[in-house]
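# Reading the structure
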Amino acid sequence: MKYTKEDVMRLVQEEDVEFIRLQFTDIFGTMKNVAITASQLEKALNNKCMFDGSCIEGFVRIEESDMYLYPDLDTFVIFPWRPQQGKVARLICDIYRPDGTVFEGDPRHVLKKVLAEAEEMGYQFDVGPECEFFLYHTDDNGQPTTITHEKAGYFDLGPVDLGENARRDMVLTLENMGFEIEESHHEVAPAQHEIDFRYDDALKAADNIMTFKLTVKTIAKRHGLHATFMPKPKAGINGSGMHINMSLSKEGKNIFNDESDSNGLSPEAYYFIGGLMKHVSHMTAITNPLVNSYKRLVPGFEAPVYIAWSSRNRSPLIRIPGQKGENTRVELRCPDPSSNPYLVLALCLAAGLDGIKNKIMPPAPVDKNIFRMTEEERENAGILTLPDNLLEAVVQMEHDEFICGVLGEHISKNYCKAKKAEWRQYSTNVTAWELEQYLYRI
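Calculation notes
Residues numbered from 1 in each chain as written. Predicted model: local features only at pLDDT ≥ 70, side-chain atom pairs only at ≥ 80, totals over all residues. Heavy atoms only, no water. Patch = residues over 30% accessible without salt bridge, like charges linked within 9 Å, V, L, I, M, F, W, Y side chains within 5 Å. Areas by Shrake-Rupley, 256 points an atom, 1.4 Å probe, with all protein chains shown as cover. Salt bridge = Lys/Arg side-chain N within 4 Å of Asp/Glu carboxyl O. Buried < 20%, exposed > 50% of the residue type's maximum accessible area, 1.4 Å probe, protein only. Phe/Tyr/Trp six-rings, centres within 6.5 Å; stacked < 30°, edge-to-face > 60°. Lys NZ or Arg CZ within 6 Å of the ring centre and 35° of its normal. Pairing = 2+ DSSP bridges. Helix = DSSP H or I, 4+ residues; strand = E, 2+ residues; numbered from the N terminus. Expected span 1.5 Å × (residues − 1). Polar contact = N/O pair within 3.5 Å; in protein donor to acceptor, adjacent residues only side chain to side chain. Contact = heavy atoms within 4.5 Å. Lys, Arg positive; Asp, Glu negative; His and termini not counted. Charge placed at Lys NZ, Arg CZ, Asp CG, Glu CD.

With that settled, consider a nonpolar patch on the surface. Taken together, the side chains of Val430, Leu435 and Leu439 present a nonpolar region at the surface, about 310 Å² in accessible area. For leucine 435, a relative accessible area of 44% translates into the label partly exposed.

This is the structure:
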């Protein structure tokens, strides 16, 4: 949907919208907003709404705190869950400095920058995400727990799937907001769910992921539940991923498709895979940004750990789904839903374009189950692994000129500094596991 300022003003008046939330995302993928009333809308549409950037972690110092929100008019949507009198709408914004220059710490700008490079090469980057989440009970104070009475598994249905009603309401609400929902289902672990929406150009896809997470959490709360996108809230079960399905098109045609190839892939598709495989371990701190992310990335729970690709099985990091032709796509399976989608998609595209520009061929596909291969077999096949923990991932990222160059100095430095602090805090914390293991016998 393409909107003009006049369109937005008219919709606000006709639909009796009273509040508009000006949304943006910090470098860690947390949505923020400034709320204005309809009387201030014209000011906002003229890019005159300011906020204090020094209050947002990783943005700017207090001496340079003034930031301006530039609304993207095409992101205007009314929240269906708010009152029908005095409705609430939102606009996603880009962040600018007072002198009118783009703020280099805005994750949306990072993605736009890489998309512009792709456009110069004649490409459009389309993305279809698969977002998983858990639905848990809340306690008497409304605080989240990891308690569920549910024992459902993959593709189970009600009454075994106790989250079915909440998930249905999420789907209907998302469709009301303009999403095209392709499917929704119960996932492998108890209380785990997935809702897939149609692929779109990468900027809209990233916006959609942020809107999706907000909507899922909001509707869950209405059902007395807590939705969490934490990658591994419980040990011993599958964690939640956010698989990213990607394709490049030129002049409306999917350039990854080549029916004459044994895998149905074009040279550009192979180079794109090669670029991803070259850079993926250096961008894992972005695709898997939490200490907890690495509790998911372990063998035995279907999570991708090994840097390999295949068109025939799901154990490698990169998979080529069975649908070919115009639906040919590359699926990266390591990202989790706690990540910042703008930065994840920017790095995926930049890595793929690097592969195309430098004709980086990937190694041969690995078509057997890597989880069942011995360590010696993996070594002989040259299969490397992703970083084992957040600190290792951050160290790999901060020493990689390519990844830091895509993110820009501002984001890469602030991000690494914050994540190292997070790791230190985690490392000095005494856990229940340590007490259980050591207290009684040491």
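In the structure shown here, the tally under the stated rule is 16 aromatic pairs. Taking NZ or CZ as reference, arginine 198 lies 4.4 Å from the ring centre of tyrosine 199, over its face.

A word on the pairing of strand β2 (residues 31-37). As defined by bridge partners, strand β1 (residues 17-25) adjoins β2 across 7 bridges and the pair is classed as antiparallel. The residue of β2 that forms the bridge with phenylalanine 24 is lysine 32.

Turning next to helix α9 (residues 341-357). End to end, α9 covers 24 Å across 17 residues, agreeing with the expected 24 Å (1.5 Å per residue, within 8%). Counting buried positions along α9 gives 16 out of 17 residues, so the element sits mostly inside the fold. Put simply, asparagine 340 is the residue that caps the front of α9, since its side-chain oxygen is 3.1 Å from the backbone nitrogen of tyrosine 342. Lysine 359 sits one or two residues past α9 and shows a positive phi near 50°.

Here the focus is the side chain of serine 339. Mapped onto the secondary structure, serine 339 falls in the loop between β17 (330-332) and α9. Polar side-chain contacts of serine 339 include one of 2.7 Å to the backbone oxygen of aspartate 336. Ignoring sequence-local partners within four residues, the contact set of serine 339 consists of Lys213, Met242, Ile286, Thr287, Pro289 and Val344.

A contiguous patch of negative charge, built from Glu375, Glu376, Glu377 and Glu379, is present on the exposed surface. As for its placement among the helices and strands, glutamate 376 is situated in helix α10 (residues 375-380).

You can see lysine 204 is positioned in helix α5 (residues 202-222). Exposure remark for lysine 204: the relative accessible area of 37% places this residue in the partly exposed category. With 77 residues separating them in the primary sequence, lysine 204 and valine 127 have C-alpha atoms 9.0 Å apart.

A few words now on the pairing of β1. Direction of pairing for β1 relative to strand β6 (residues 87-96): parallel, over a ladder of 6 bridges. By the bridge assignment, glutamine 23 is partnered in β6 with isoleucine 92. What sits between the antiparallel neighbours β1 and β2 is a turn of 5 residues, in which glycine 29 has the positive phi angle 90°.

Shape is all these values report; function is a separate question.
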